[in-house]
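Summary of structural features
So the chains spell out like this:
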Amino acid sequence: MAEIVFQSVTRNFAATTAVDGVSFTVPAGAFFALVGPSGCGKTTVLRLIAGLERPDAGTIALGGRAVAGAGRFVEPAQRDLGMVFQSYALWPHMTVAGNIAFGLGLRGLSKAEQRARTHEALTLVGLEGHADRRPHELSGGQRQRVALARSLAMRPALILLDEPLANLDAHLRQAMLAEFRRIHRQAGTTFVFVTHDQNEAMALAGLVAVMDRGRMQQIAPPQELFSRPASAMVARFVGQGRTVPVEVLGADGARLRVRLMGRDLAVPGSAPAGPGWLCLRARDLTLELAPGQPRLAGRVADLRFEGGDYMLSVDLEGAGADLIEVRSAAPVEPGAEVTLALSGGWVLPREALAPMALQPAFEVA
Ligand SMILES: Nc1ncnc2c1ncn2[C@@H]1O[C@H](COP(=O)(O)OP(=O)(O)OP(=O)(O)O)[C@@H](O)[C@H]1O
Ligand SMILES: [Mg+2]
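All of these numbers come straight from a predicted model, not from anything done at the bench.

Calculation notes
Residues numbered from 1 in each chain as written. Chains lettered and ligands numbered in written order. Predicted model: local features only at pLDDT ≥ 70, side-chain atom pairs only at ≥ 80, totals over all residues. Heavy atoms only, no water. Patch = residues over 30% accessible without salt bridge, like charges linked within 9 Å, V, L, I, M, F, W, Y side chains within 5 Å. Areas by Shrake-Rupley, 256 points an atom, 1.4 Å probe, with all protein chains shown as cover. Salt bridge = Lys/Arg side-chain N within 4 Å of Asp/Glu carboxyl O. Helix = DSSP H or I, 4+ residues; strand = E, 2+ residues; numbered from the N terminus. Domains from an automatic or database assignment. Contact = heavy atoms within 4.5 Å. Buried area = accessible area lost by both parts, 1.4 Å probe. Buried < 20%, exposed > 50% of the residue type's maximum accessible area, 1.4 Å probe, protein only. Expected span 1.5 Å × (residues − 1). Pairing = 2+ DSSP bridges. Axes fitted to C-alpha atoms, helices over the stretch in contact; angles between N-to-C directions. pLDDT = per-residue confidence, 0-100.

A word on a nonpolar patch on the surface. A cluster of nonpolar side chains, contributed by W91, F102 and L106, occupies part of the molecular surface with about 330 Å² of accessible area. Relative to the helices and strands, W91 is located in the loop between β7 (81-84) and α2 (96-106).

Listed below in structure tokens is the structure:
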């Protein structure tokens, strides 16, 4: 197990700042997911941890040991970590057991120790009966598990996984998510899992970091990212949130008072007075008019059949916002005027605050 600490780490490639002054701490033994759109810097963060890239500024420590920055650099082979990639990179001419034992042999472990560790790793990933097969005799998911077993057999303090499920079909990916969680629990090793799929990250990890354009937007447990997004980017990226511009007026008991389309609403949130975003998901809105709840007027722009009922896209005309989504048991034709009851949502500041210095004037949940 190894704690990971990044302090103000920057990595530039010519004109691109791939990682821009990033600071975070991953506790030892955590399952940490790094998520964000293509090109946001996830792989670069992973390569910085591995020692395959050097930071241009800032420092990196693994397990309490400084490994990069401030004139220090520890080579990848000396960092006690394993990597698993999207392409499994197995030797095609070797058996499963041969692939796993190969690195152990390079380390100079005895044949008996190699056999014991190979057996242990294959048992952990549920492939005990497949030791003598060759990679082409395995399914994609089984190959990915061999790649993971090969890393686990080295018993590293830290395993880095870069989009390891990207080559698998949706069904297999689901099954592998459960497998990865079980293997992480049993192995107790720190896992850093990179993906561009926020559902995958939320399903797997205890701690999720959302990156955008080289910066960390928010690092939090999945539930908190979903219900208390710190920026508009996170609100949109996680759980298909929609953001509506509002004016934050102040605190109102346990909620924030915001003005939207000339109405005052009381909504949970964390923002200073001034321009803000209201993050809304379909589950925050209903077409029924529950008495006492604030209402919004809009016009149906589109509808689609989804999960047994209809998802309406509604234009809050005049709000200057995206179309927002609401479920309806019955179809409602585009053009129809509807009234929405608001039962949830989250208010955040319009101007992104520095994630590490998030000190809103009002914070209520
Ligand atoms: N060796 C390199 N030389 C030049 N630019 C690079 C290099 N590696 C990465 N970049 C750039 O740095 C940025 C971040 O790249 P990175 O591979 O970390 O993104 P990513 O989040 O892993 O994306 P993806 O989800 O597509 O894998 C991108 O703009 C990329 O083009
Ligand atoms: Mg990548």
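That was the structure; now back to the text.
Entries for the protein chain in the domain assignment read domain 1 (4-225) and domain 2 (230-364). If you average the C-alpha positions of domain 1 and of domain 2, the two centres end up 37 Å apart. Across the contact, 14 residues belong to domain 1 and 10 residues belong to domain 2. Between domain 1 and domain 2, roughly 980 Å² of surface is buried when both sides are summed, and carbon and sulfur atoms account for 70% of that area. The three residues of domain 1 that bury the most area against domain 2 are Q198, Q217 and Q218, which together make up 46% of that side's buried surface. Inspection of the region where domain 1 meets domain 2 yields 0 salt bridges.

We now examine the pattern of salt bridges. The final tally for this structure, using the stated rule, is 18 salt bridges. A salt bridge links R11 to E53; its shortest N-O distance comes to 3.0 Å. A residue pair is termed long-range when its members are at least 10 positions apart, and R11 in strand β1 (residues 4-13) and E53 in the loop between α1 (42-50) and β4 (57-62) qualify at 42 residues. The class for E53 is buried, based on a relative accessible area of 11%. The closest approach of N and O atoms between D20 and R215, which form a salt bridge, is 3.0 Å.

Turning our eyes to something else, we now look at the environment of H171. By the element assignment, H171 lies in helix α5 (residues 170-187). Distance from H171 to A336, taken between C-alpha atoms, is 38 Å for residues 165 residues apart in sequence.

Moving on to helix α4 (residues 140-153). Here α4 is 14 residues long and its end C-alpha atoms lie 20 Å apart, about the 20 Å a rise of 1.5 Å per residue gives. Counted residue by residue, α4 has 11 buried out of 14 residues, so it is predominantly covered. For α4, the full list of buried residues reads G141, Q142, Q144, R145, V146, A147, L148, A149, S151, L152 and A153. Positioned one or two residues after α4, R155 has a phi angle of 50 degrees, which is positive.

The subject of this paragraph is the sheet that holds strand β9 (residues 190-195). The 6 strands lie next to each other as β7-β8-β9-β3-β10-β11, forming an open sheet whose pairing is mixed. Edge positions in the sheet fall to β7 and β11 (215-220), since each has one partner strand and no second. Across this sheet, the average inter-strand angle for adjacent strands is 15 degrees, counted without regard to direction. Here strand β3 (residues 31-35) pairs with β9 via 5 bridges, running parallel. The residue bridging F32 from the neighbouring strand is V192, located in β9. The strands touched by α1 are β3, β7, β8 (158-162), β9 and β10 (207-212); relative to β8, the strand with the most contacts, the crossing angle is about 155 degrees. Its contacts with the sheet place α5 against β3, β8 and β9, and it is angled at close to 155 degrees to β9.

Considering every residue of the protein chain, the mean pLDDT works out to 89; 94% of them sit at 70 or more. The element-level mean pLDDT for the protein chain is lowest in strand β23 (residues 363-364), coming to 47, with β4 highest at 98. A low-confidence stretch, residues 354-361 stays under pLDDT 50, and its non-local contacts, those more than four residues away or across chains, total 11 contacts.

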